[in-house]
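Coordinate inspection notes
Here is how the chains run, residue by residue.
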Amino acid sequence: MPNPDTQKTPETADTRPSNFIRDIIAGHMDAQRFGGKVHTRFPPEPNGYLHIGHAKSIAVNFETAADYGGKCNLRFDDTNPIKEEQEYIDAIIQDIRWLGYDWEDRLFYASDYFDQLYEWAVQLVKQGKAYVDHLSPEEIREYRGTLTEPGKDSPYRNRSVEENLDLLERMRKGEFKEGECVLRAKIDMESPNINLRDPVMYRILHAAHHRTGDKWCIYPTYDWAHGQSDSIEGITHSICTLEFEDHRPLYDWYLNQLGVHHPQQIEFARLNLSYTVLSKRKLIRLVQEGRVAGWDDPRMPTISGMRRRGYPPAAIRTFANHVGVTKTNTVIELQLLEYFIRQHLNLHALRKMAVLKPLRVVIENYPEDQVEEMDAINNPEDEAAGTRKVPFSRVLYIEQDDFMEDPPKKFYRLAPGREVRLRNAYFVTCTDVIKDEDGNVVELRCTYDPATRGGDSPDGRKVKATLHWVSAAHALEAEVRLYDTLFTKENPNETGEGEDFTDFINPESLVVLEKCYIEPSLAGAEPGSRFQFERQGYFCVDPDSRDEKLVFNRTVPLKDTWAKLKKKQNK
RNA sequence: UGGGAGAUAGUUUAAUCGGCAGAACAGUGGACUUUGGAUCCAUCGGUCCUGGUUCGAGUCCAGGUCUCCCAGCCA
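Another point: the side chain of Thr276. Along the chain, Thr276 falls in the loop between strand E9 (264–268) and helix H9 (280–288). Residues contacting Thr276, with those up to four places away along its chain left out, are Pro301, Leu334, Phe487, Pro492 and Asn493.

Attention now goes to a positive patch on the surface. Taken together, the side chains of Lys410, Lys464, Lys559, Lys564 and Lys568 make up a positively charged region of the molecular surface. Note that Lys464 resides in the loop between strand E18 (441–449) and strand E19 (466–467).

For the rest of this paragraph, the subject is the packing of helix H4 (residues 114–126) against helix H7 (residues 222–232). Geometrically, a packed helix pair is captured by the angle between its two axes and the distance between the axes. Where H4 meets H7, the axes come as close as 11 Å, and the angle between the chain directions of the two elements is 110°. Of the possible angle classes, the one that applies to H4 and H7 is roughly perpendicular. The way H4 lies across H7 gives a crossing that is right-handed. Residues Gln116, Leu117, Trp120, Ala121 and Leu124 of H4 touch H7, and the partners they reach there are Trp224, Ala225, Gln228 and Ile232.

Note on placement: Glu84 falls in the loop between strand E2 (71–76) and helix H3 (86–99). One buried charged side chain, Glu84, makes no salt bridge at all; its nearest oppositely charged neighbour is Lys83, positioned 6.9 Å away. There is a polar contact of 3.5 Å between the side chain of Glu84 and the backbone nitrogen of Thr79. With near-sequence residues (within four places) excluded, Glu84 lies in contact with Glu45, Pro46, Asn47, Asp77, Asp78, Thr79 and His210.

Glancing now at the domain arrangement of chain A. What the domain assignment reports for chain A is domain 1 (114–220) and domain 2 (354–475). Distance between the C-alpha centres of domain 1 and domain 2: 75 Å.

Looking now at the nonpolar core. Core analysis: the largest hydrophobic core is formed by 47 residues, its most contacted members being Ile21, Ile52, Ile58, Phe62, Ile96, Phe319 and Leu337. Residues Tyr118, Met171, Trp216 and Trp224 belong to the second largest nonpolar core, which totals 33 residues.

In the vicinity of RNA strand B, 70 residues are found, and the nearest of them are Arg351, Arg413, Gly454, Gln532 and Thr561. Within 4 Å of the protein, atoms of RNA strand B come from sugar and phosphate in 65% of cases. Here Arg413 contributes a side-chain N or O atom positioned 2.5 Å from a base nitrogen of RNA strand B. Among the elements that line the surface near RNA strand B, the one with the most residues is helix H13 (residues 561–570), at five residues.

Scoring rules and cut-offs
Residues numbered from 1 in each chain as written. Chains lettered and ligands numbered in written order. Predicted model: local features only at pLDDT ≥ 70, side-chain atom pairs only at ≥ 80, totals over all residues. Heavy atoms only, no water. Helix = DSSP H or I, 4+ residues; strand = E, 2+ residues; numbered from the N terminus. Contact = heavy atoms within 4.5 Å. Patch = residues over 30% accessible without salt bridge, like charges linked within 9 Å, V, L, I, M, F, W, Y side chains within 5 Å. Areas by Shrake-Rupley, 256 points an atom, 1.4 Å probe, with all protein chains shown as cover. Salt bridge = Lys/Arg side-chain N within 4 Å of Asp/Glu carboxyl O. Lys, Arg positive; Asp, Glu negative; His and termini not counted. Charge placed at Lys NZ, Arg CZ, Asp CG, Glu CD. Axes fitted to C-alpha atoms, helices over the stretch in contact; angles between N-to-C directions. Parallel < 35°, antiparallel > 145°, perpendicular 65-115°, else oblique. Left-handed = near helix turned anticlockwise from the far one by under 90°. Buried < 20%, exposed > 50% of the residue type's maximum accessible area, 1.4 Å probe, protein only. Polar contact = N/O pair within 3.5 Å; in protein donor to acceptor, adjacent residues only side chain to side chain. Domains from an automatic or database assignment. Core = buried A, V, L, I, M, F, W, Y, C linked by side-chain atoms within 4.5 Å. Near = heavy atom within 4 Å.

See below:
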């Protein structure tokens, strides 16, 4: 977990918390297992976009290897041509690069190994360890037994090696229809571990593969492909998630039968985040049902969504390195992720003033056509960021929330007769409140104290609040998109009878503010650039942004003690 | 009710051979402040249960409880 001495600096092997995987590897290093080498891989299936859960897995694989002087491969587990697409491959590559990881020239595909896999399958048949089964899919399921009852042998289980060899060859040549037969490993139909009840190695799929085209009509299953691919690549530690724990005996069995390089599979708990869903099935539904605008909707927990939202890759990495790597099923609080996002942005984001819900203010004693250029600090956390000029004039906008006609206790912003500081400018006092016929406050009249230029009073007078503002004549209009959690329920995966996780979608997860006013120095801000709008939060320029109208996404709000107080008072 | 895995503050975790249960996030209170931000200080709070071994148990032993995963020709 976070070490107070290192929170502000990038982690190194020395400061990053250890975990049980590192302990295992350290043991292997001491024992000279694998010749003192570490080589891992990140093996996504190209059938969806990467999300924050993958970021953890990516970090574990790439950083663990790097810390022991080893390498990490990127390998697409593309054994199912029906679900996989090039679009996903491209997106995954882009996302991992963006996160800052490099597999150099080691980009591989399980489909690179289809020939070798087939040769090995022939070898297993010759060893009498695999057979072609003509049971139908339904029959296979029946013969498999249940969790509590053993399975029974297929009537085809004892075909001769010659017959199996012939049948397998004919499967490969396309002489059978889909579902007509499969190649199965001959292990033990009575095993208490269902994965060992003669698992399927090859199934017939008359489908074109995005890389091998029509070369194959039989495709290896995950179990048959994965360990062997690891072996071919010289992987030492095959790190995967908990649900594969039951598969490890099978992983080991194949490698032992083949007598080839045998990596160690290690399982750890996948990441779960509160108020979000991370299953591929659910994420793809959100996209396909139009519940979000796409894979990169800023509300999505996808890497592309987070990129668009404004999460810095370094902060995601820090997060991924600080969540525990254990075998315990856990749900990380979203607040922890946001903590690391704020921590990074606080140090690096330039400060700007932006008024999201404008309230017009006229400074009555300020000369009509005067404009002053006020000096403003770009980042109090980073002196090198310098200063900028912000125009001040007679008519300004401030935030609606920064004024209350009848302020409760502890509200120390602007109110009738009260004096506050305008950031980087002057002290102003509210002298009059102008309302429309419905009684809504539409404009404030104020006076300013010319002696307080820059924000300090020569007589030592103190004010309790500092407000942000923009000059009406100089402000740029912008659209600001505010985001909240996509779900209102802490664990949207937990559904009762007749409920669906989409029932918990937060109707206020996106609120668009069309007419915001931002300071003129924001003109021409590039999509993807990140700023702090003072007193409000961190914002990122959206790709939809145009010169005429900038569009910002709120990445994460600043901590808001007043909002918290208000909430408590309302209770 | 088969097999596999897990259980330490609200959350995520640390604890060498059995030797003072330590952090972070969240919460609370305060200091400071030209962001009710940041920072700083303080504070709250924990070993799933029942026994046993031991001078001493989160750790070892016995029994129990609860949670997660597995019956795709998905990964």
